[in-house]
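Inside the fold
One-letter residues, chain by chain:
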Amino acid sequence: MEPQEVKQAELNDLVRFTALLYYHLAKEVVQAFGQEGEKAIARAMENLGQERGMTIKAKVEEEGLPLTLDNLARFYDLPLAGAWRTTARISPRRATHMVEYCPFAQVWRQRKAENLGLLYCKVEDALKQAYNPDIVFEQSKSLMAGQDCCLISAKLKER
């Protein structure tokens, strides 16, 4: 059977489902285990991020390309353009991303679960480090902290 093209509404539903799945699982873990539950979720998000970062890294290396910021964006594994509202300036050595709308954040903010959202976002730090530890990332704003956007800058360390 041939894969079918996903419609925007279907993509939105899938992304919302993913956010809800994480929310309900994380909420139950934290309610059942408190701080230990939060630590377990943080470890799980780090593990997920490492796996995703290594997968992206393998794809970039398979193509014989360097582990630059523009290649991270090119091979990124989520449909950011389809479901998120972002602005990015990307070059091989520097990048700035501004996320004005995150469907995950919308779900978690509606449920007053920003703390769970912050735990989830640890996945991105781990992903980037697994992809290339020579990239330095800084997040100066976060939707999960009640700000108007997520603002992330990155640069490739000089060698």
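Structure report, in brief. Since we're looking at a predicted model, the values are computed, not measured.

Some points on the side chain of Arg-52
Structurally, Arg-52 can be placed in helix H1 (residues 8-62). Setting aside residues up to four positions removed in sequence, Arg-52 forms contacts with Tyr-76, Asp-77, Leu-78, Tyr-120, Val-123, Glu-124 and Leu-127.

Here we look at the nonpolar core
Ranked by size, the top nonpolar core spans 28 residues in total, and within it Tyr-22, Phe-104, Trp-108 and Leu-116 carry the most contacts. Here the element with the most residues in this core is H1; it accounts for 11 residues. Those residues in contact with Tyr-22 that lie beyond four places of it in its chain are Ile-41, Met-45, Trp-108, Leu-116, Leu-119 and Tyr-120.

Some points on the state of the cysteines
Overall, the coordinates contain zero disulfides when judged by the stated rule. Lacking any disulfide linkage, Cys-149 is separated from the closest cysteine sulfur, that of Cys-150, by 6.9 Å.

What about the environment of Ile-135?
For Ile-135, the location among the structural elements is in strand S3 (residues 135-141). On a C-alpha basis, the gap between Ile-135 and Arg-93 in space is 8.5 Å, while along the polypeptide they are 42 residues apart. Residue contacts for Ile-135: discarding those within four places in its chain leaves Leu-67, Leu-69, Gln-129, Ala-154, Lys-155 and Leu-156.

What to know about the packing of H1 against helix H4 (residues 103-110)
Relative orientation of the contacting elements H1 and H4 amounts to 45 degrees, with a least axis distance of 9 Å. Classed by the angle they form, the pair H1 and H4 counts as oblique. The handedness of the crossing between H1 and H4 comes out as right-handed. Across the interface between the two elements, Val-15, Arg-16, Thr-18, Ala-19, Leu-20, Tyr-22 and Tyr-23 of H1 pack against Pro-103, Phe-104, Val-107 and Trp-108 of H4.

Observations regarding the packing of aromatic side chains
Applying the stated criterion across every chain, the model contains six aromatic pairs. When the ring of Tyr-22 is compared with that of Tyr-120, the centres are 5.2 Å apart and the planes differ by 70 degrees; the resulting orientation is edge-to-face. Of this pair, Tyr-22 sits in helix H1 while Tyr-120 sits in helix H5 (residues 114-120), and the two are 98 residues apart along the sequence. Assessed through its relative accessible area of 11%, Tyr-22 is described here as buried. Among the residues examined, Tyr-120 registers a relative accessible area of 14% and is labelled buried. With centroids separated by 5.3 Å and ring planes inclined at 75 degrees, the aromatic side chains of Trp-84 and Phe-104 adopt a geometry described as edge-to-face. One end of the pair, Trp-84, is in the loop between helix H3 (80-83) and strand S1 (85-90); the other, Phe-104, is in helix H4, with 20 residues separating them in the sequence. For the pair formed by Trp-84 and Phe-104, the shared burial category is buried. One aromatic cluster is present, built from ring pairs that chain together Tyr-22, Trp-84, Phe-104, Trp-108 and Tyr-120.

Conventions we followed
Residues numbered from 1 in each chain as written. Predicted model: local features only at pLDDT ≥ 70, side-chain atom pairs only at ≥ 80, totals over all residues. Heavy atoms only, no water. Helix = DSSP H or I, 4+ residues; strand = E, 2+ residues; numbered from the N terminus. Contact = heavy atoms within 4.5 Å. Core = buried A, V, L, I, M, F, W, Y, C linked by side-chain atoms within 4.5 Å. Buried < 20%, exposed > 50% of the residue type's maximum accessible area, 1.4 Å probe, protein only. Disulfide = S-S within 2.5 Å. Axes fitted to C-alpha atoms, helices over the stretch in contact; angles between N-to-C directions. Parallel < 35°, antiparallel > 145°, perpendicular 65-115°, else oblique. Left-handed = near helix turned anticlockwise from the far one by under 90°. Phe/Tyr/Trp six-rings, centres within 6.5 Å; stacked < 30°, edge-to-face > 60°.

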